[in-house]
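Secondary and tertiary structure notes
Here are the chains, one letter per residue:
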Amino acid sequence: MSDVTFKHPEYVKNFPLWDQVDDVCKGQAAVKAKTTAYLPRNNPQDKSLEAQGLYDAYLKRAVFYGVTGKTLGSLVGAAFATDPTFKFPQELTHLERNANGAGVSLYQLSQSALRHVLKHYRCALYVDFPDVGPSRNRAEEKAKQAYPMIHLLSSKAVINWDTVTIGNQTKLNLVVIEESVSKRGDDGFSTESQVQYRVLRLEDMGLGEFAYTIEVYTKSDKGIWTGSGRKIPTDYNGDTWSYIPFTFVGAVDNSAQIDNSPLLELADINLAH
């Protein structure tokens, strides 16, 4: 039986390190919230109320100076000390003001990507397009107000992936993205977060042809993860995509390989202090 929640072994191995760097960059409140994970007790075998009181007092007095978080901000600032120049065709000028569909510009998206790379070694970019029919011409395409959007994904969101060699090229043929979707309560004010999984596949259609497909999995009332049915996106001409419009962005290259976060060693020293 397939399990859409399966996590890649490299993801499982690196997740605790990503989590640690995230906590350290957030600062003192996040570090103290993990209590003994970062601030171990001197006498863990002593379970008495007195020992717990002493630890609580120690935890309250402890001071954590967030040098790693400040370094992260400084490195991003240094990288963007000179404004980058973006070159793209006229049809993609919307990226300057709204690259992800939520009002975030390509400049801001680039800054966020660098922050992810510094903390986790990598992040990911996924291009999505509204589910509309093919257009007869550019004017019709513009009238639909259907623009491609670039979604920036944390390394924590991409839980599984795989590659395949087609000819002499290595391509991603599976990407599983964990998403959190907010659902408004019956009172109209409260919200509840639900997890779903977006599965991107490159499927063999036969005769050497491959097609990109999307399927979203949600959890049923019985606790079973069920797919919504595979959709096959098409391009401007109504043709299928021969690759998944997704790429990893790494500190060294854009492959699926993972290495230690550039800020990991600084975070370790920060915690040791």
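Residues numbered from 1 in each chain as written. Predicted model: local features only at pLDDT ≥ 70, side-chain atom pairs only at ≥ 80, totals over all residues. Heavy atoms only, no water.

1. With respect to the overall build of the protein chain
Each helix and strand counted, the protein chain has seven helices and eight strands in total. Each principal axis of the C-alpha atoms in the protein chain carries an extent, and together these give about 75 × 55 × 50 Å. Accessible surface for the protein chain amounts to roughly 16800 Å². Of this, 52% is attributable to carbon and sulfur atoms. For the protein chain, the separation between the mean place of its 29 positive charges and that of its 32 negative charges on side chains is 5 Å. (Helix = DSSP H or I, 4+ residues; strand = E, 2+ residues; numbered from the N terminus. Areas by Shrake-Rupley, 256 points an atom, 1.4 Å probe, with all protein chains shown as cover. Lys, Arg positive; Asp, Glu negative; His and termini not counted. Charge placed at Lys NZ, Arg CZ, Asp CG, Glu CD.)

2. Here we look at helix α5 (residues 106-120)
The terminal C-alpha atoms of α5 lie 21 Å apart, and with 15 residues this matches the ideal 21 Å at 1.5 Å per residue to within 8%. Of all the positions in α5, only L106, L109, A113, H116, V117, L118, K119 and H120 are classed as buried. Against the buried residues of α5 lie α1 (9-26), α4 (67-79), β1 (122-128), β2 (149-154) and β8 (246-250). Phi turns positive one or two residues past the end of α5, at Y121, with a value near 80 degrees. (Expected span 1.5 Å × (residues − 1). Buried < 20%, exposed > 50% of the residue type's maximum accessible area, 1.4 Å probe, protein only. Contact = heavy atoms within 4.5 Å.)

3. Details of the nonpolar core
Counting residues in each nonpolar core, the largest one holds 26 residues, and the members touching the most others are Y126, V158, W161, L200, F246 and F248. Taken together, the elements giving at least two residues each to this core come down to α1, β1, β3 (158-166), β4 (169-184), β5 (191-206), β6 (209-219) and β8. In terms of nonpolar packing, the next biggest core, distinct from the first, is built from 13 residues, V31, L72, V76 and L263 among them. (Core = buried A, V, L, I, M, F, W, Y, C linked by side-chain atoms within 4.5 Å.)

4. What to know about the side chain of S155
Within the element layout of this structure, S155 appears in the loop between β2 and β3. The residues touching S155, leaving out its near neighbours within four places in the chain, are Y11, W18, H120, R122 and C123.

5. Looking at the sheet that holds β5
As summarised here, the arrangement of the five strands in space is β3-β4-β5-β6-β7, forming an open sheet in which the pairing is antiparallel. Looking at strand neighbours, the two that pair on one side only are β3 and β7 (225-227), the edges of this open sheet. On average, each strand axis in the sheet is tilted by 25 degrees relative to the strand beside it, whichever way the strands run. Pairing of β4 with β5, which is carried by eleven bridges, proceeds in the antiparallel orientation. (Pairing = 2+ DSSP bridges. Axes fitted to C-alpha atoms, helices over the stretch in contact; angles between N-to-C directions.)

6. Comments concerning the packing of aromatic side chains
Ring pairs (aromatic) are described by centroid distance and by the angle formed between their planes. On inspection of all chains with the given rule, the structure shows eight aromatic pairs. Among the aromatic residues, those joined into a ring-pair cluster are Y11, F15 and W18. If you follow R122 out to its NZ or CZ, it ends over the ring of W161, 4.3 Å from the centre. If you follow R122 out to its NZ or CZ, it ends over the ring of F248, 3.9 Å from the centre. (Phe/Tyr/Trp six-rings, centres within 6.5 Å; stacked < 30°, edge-to-face > 60°. Lys NZ or Arg CZ within 6 Å of the ring centre and 35° of its normal.)

Everything listed here is a matter of geometry and, on its own, says nothing about what the molecule does.
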